[in-house]
Amino acid sequence: MTDNLISLLVLLPVALAAILAMTGQRAPGLSRGISLAGVAALLAMSLGLLLGGSGNTAQVIELGGWSAPFGIVLVFDRLSGLMVVLTSIVAMLALLYAVRRDEDSAGPHFHALFQAQLFGLNGAFLTGDLFNLFVFFEVLLLASYGLLLHGNGRKRTRAGFHYVVVNLIGSTLFLFAVGALYGTVGSLNLADISLKLPEVAPDAVPIVTTAIFLLFVVFLIKGAAFPLYLWLPGAYGHASIPVAALFAIMTKVGLYSVLRVDSVMLSGNSIGGLVETTALIAPWLLWLGLITLLLAALGVVAGRILRRQVAYLIVASVGTILIALGLVTGSERELAISGALYYWIHTTVLSAGFFLLAGLLMRHRPEAGDGIEAAPPMPHAVLVGSLFFAYAIAMAGLPPLTGFFGKVMILAAAVESPLMAPIFAVVLISGLIMVIALARTGSRLFYQSQATPGHPAHSTPRDARTPMPGLALSIAPLAIATVMVVGAQPLSEWLETTAVQITTPSGYLDAVMPDGILLPETAPGKFGQDYPDYEGGKH
Amino acid sequence: MTNLAISLLIGVLTGAGVYLVLRAQTFPVVLGLTLMSYGVNLFLFTMGRLHTAAPAVVGATEQSADALPQALVLTAIVIAFAMTAFVIVLALKARAALGNDHVDGTHIPQADRVMDRRKEPRA
């Protein structure tokens, strides 16, 4: 039963995408209903699975009944389950906003592309196979290209071209990495590669190491880390609002792949007995995270429109999470990962909500949109201003909201690190810079309201009773954040056991490869020396 | 010898692709992406090692080729084909929307005219 539910997480969106491609423009109301019902079902299924304890031990679904290294597996554990739940929450917010504000009718096939995007996202989170990860990346990227260009616009087209080209280059690098790994290690299954890496022949070690680094370069392009984040502010800053909100989960796919591949594929102690894997990637992540965070904070200062600032806040959160993932030494690793996951949930949900808030500004300030400049007061200025204030506090990491707790957990894990001083300095200084930038934005947007003929600056805002559909949707993420603060104790305990599951990959390996490594009888040599042939294998 | 030729070919394709991707017009960029995908497809294909007279059928001959890279390369070809089609349409759309084919959509008429004159002298 649970196996079927897990498969449905991937299969339902793709089936709906096919149906929605047919109903599309012909029956807009029906399409909306199907799409909303699909996302609601995803949310219910993924939450049910996760809360029902399905991910407590890694659950493996062998597609077509072929066992691990030969067939493709889906793996549902707490990390992937959490990611699917997050995807569904963000998708629900974005889709409701699109429907409420009629953004889905700005171009054809919004709902079909939206479901295809969810198919790619859920597949990427659940797969246990490198090539399958590539395919799901392509699925989610192709859908995201379509969504990014949804509703026309010159700037959107230009930003879209950059986004597409950068990601196509990333896909090419991904294929080079996957090919080189298969050619030397002889497998594409994450768990199988992990078991085989220590057995790689010495002369193949440089190729394997290069391929692994290439793989992480690709993940960091998707995750938008320095120096590969420059595509993000343009793409996210010019996408239509519900799409930008959905894209809040997209950088997390890159980060998830970093965490998953680092914790599973590199869980053997060495590559061919020559290169240590435990600290192979992490120091790079730490330094890149520090630089990303600092530059993103400066980007927030430089942003001229709110959406661009939020895009840079997303880059900043990527930097913060990378810092946490880069902390390796000793027992602080569990603490760092659980802190990173807490921050991860916070930043995904809230940056989606922040985009929705920017969307309200765009629609209800006809003179300036979400540009950070003075304009006549907008309707419900006090409420919208208060929401902005709450978002700014949360995103900049001030108490009492979630960003603060996430950062505290990460910094607490960094106390033992030899690089404690730079980590504290960068995290705190960048936080300060973001506070200053957001305070300036808030005062421009909500205090310096400008008089226009007929609308004196400090009178009651025009049409105080103007309906503002979608307002509740930008409150919902703050409600989630409040729940995360109130329930911080049980949540962080849950995340700590999740972190333990991540840092002890033996559970994952046993689940995927119960018989351990399957040595082909005809190839007695080491992997990479000769081409491993599965003639004598079990199937 | 074949190994060397194939590796050189992968290198040339990828190198030319990288060069073209760094150009400022959209069309060379699209061509560059195509060349890079050719390079990587060939690379994937050779990851099953180069054999002669070894079909991907176990037991048919003494040595059999690995079928997996062939399957991978087919998938990669299909994906690259779809992506190329998409990026061409996008480049055309950008050309129509922005009025020029610069990758940033920034058009400097003066510079273009100078370039045009140098390339195509008026009769």
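Residues numbered from 1 in each chain as written. Chains lettered and ligands numbered in written order. Predicted model: local features only at pLDDT ≥ 70, side-chain atom pairs only at ≥ 80, totals over all residues. Heavy atoms only, no water.

Points about empty space enclosed by the protein
Turning to step 1, where the next piece is worked out: Per the stated rule, a full pass over the model turns up four cavities of 30 Å³ or more.
Turning to step 2, where the next piece is worked out: The space that makes up the largest cavity amounts to roughly 170 Å³.
Turning to step 3, where the next piece is worked out: Lining the largest cavity we find 17 residues, and of these L168 and T172 of chain A together with S37, A80 and M83 of chain B sit closest to its centre.
Turning to step 4, where the next piece is worked out: Looking at side-chain class alone, the lining of the largest cavity contains eleven nonpolar, five polar and one charged residues.
Turning to step 5, where the next piece is worked out: Every residue lining the second largest cavity is listed: F137, L140, L141, Y163, N167, K222, W231, Y236, M250, T251 and V253 of chain A.
Turning to step 6, where the next piece is worked out: Going through the elements one at a time, helix 5 (130-148), helix 6 (154-185), helix 9 (231-238) and helix 11 (250-265) of chain A are the ones with two or more residues in the lining of the second largest cavity.
Turning to step 7, where the next piece is worked out: Of the residues assigned to the lining of the second largest cavity, the class counts are eight nonpolar, two polar and one charged. (1 Å grid on protein atoms, 1.4 Å probe; cavity = no way out; pocket = protein on both sides within 12 Å on 5 of 7 lines; lining within 4 Å. Points joined across faces, edges and corners; volume = space filled by probe spheres on them. Nonpolar A, V, L, I, M, F, W, Y, C, P; charged D, E, K, R; others polar. Helix = DSSP H or I, 4+ residues; strand = E, 2+ residues; numbered from the N terminus.)

Some remarks on helix 8 (residues 205-223) of chain A
Turning to step 1, where the next piece is worked out: Along its 19 residues, helix 8 of chain A runs 27 Å from first to last C-alpha, staying within 8% of the 27 Å computed at 1.5 Å per residue.
Turning to step 2, where the next piece is worked out: Residue A224 of chain A follows helix 8 of chain A closely and has a positive phi angle near 65 degrees. (Expected span 1.5 Å × (residues − 1).)

Let's talk about the pairing of strand 2 (residues 73-76) of chain A
Residue and element names in this part refer to chain A.
Turning to step 1, where the next piece is worked out: Of the two faces of strand 2, the one carrying V73 and V75 and the one carrying L74 and F76 are both buried.
Turning to step 2, where the next piece is worked out: Direction of pairing for strand 1 (residues 59-62) relative to strand 2: antiparallel, over a ladder of four bridges. From the neighbouring strand, Q59 faces strand 2, where its bridge partner is F76. (Buried < 20%, exposed > 50% of the residue type's maximum accessible area, 1.4 Å probe, protein only. Pairing = 2+ DSSP bridges.)

Some thoughts on the side chain of T84 of chain B
All names here are of chain B.
Turning to step 1, where the next piece is worked out: In this structure, T84 sits in helix 3 (residues 67-98).
Turning to step 2, where the next piece is worked out: At 2.6 Å, the side chain of T84 forms a polar contact with the backbone oxygen of A80.
Turning to step 3, where the next piece is worked out: Aside from chain neighbours lying at most four places away, what touches T84 is V30 and T34. (Polar contact = N/O pair within 3.5 Å; in protein donor to acceptor, adjacent residues only side chain to side chain. Contact = heavy atoms within 4.5 Å.)

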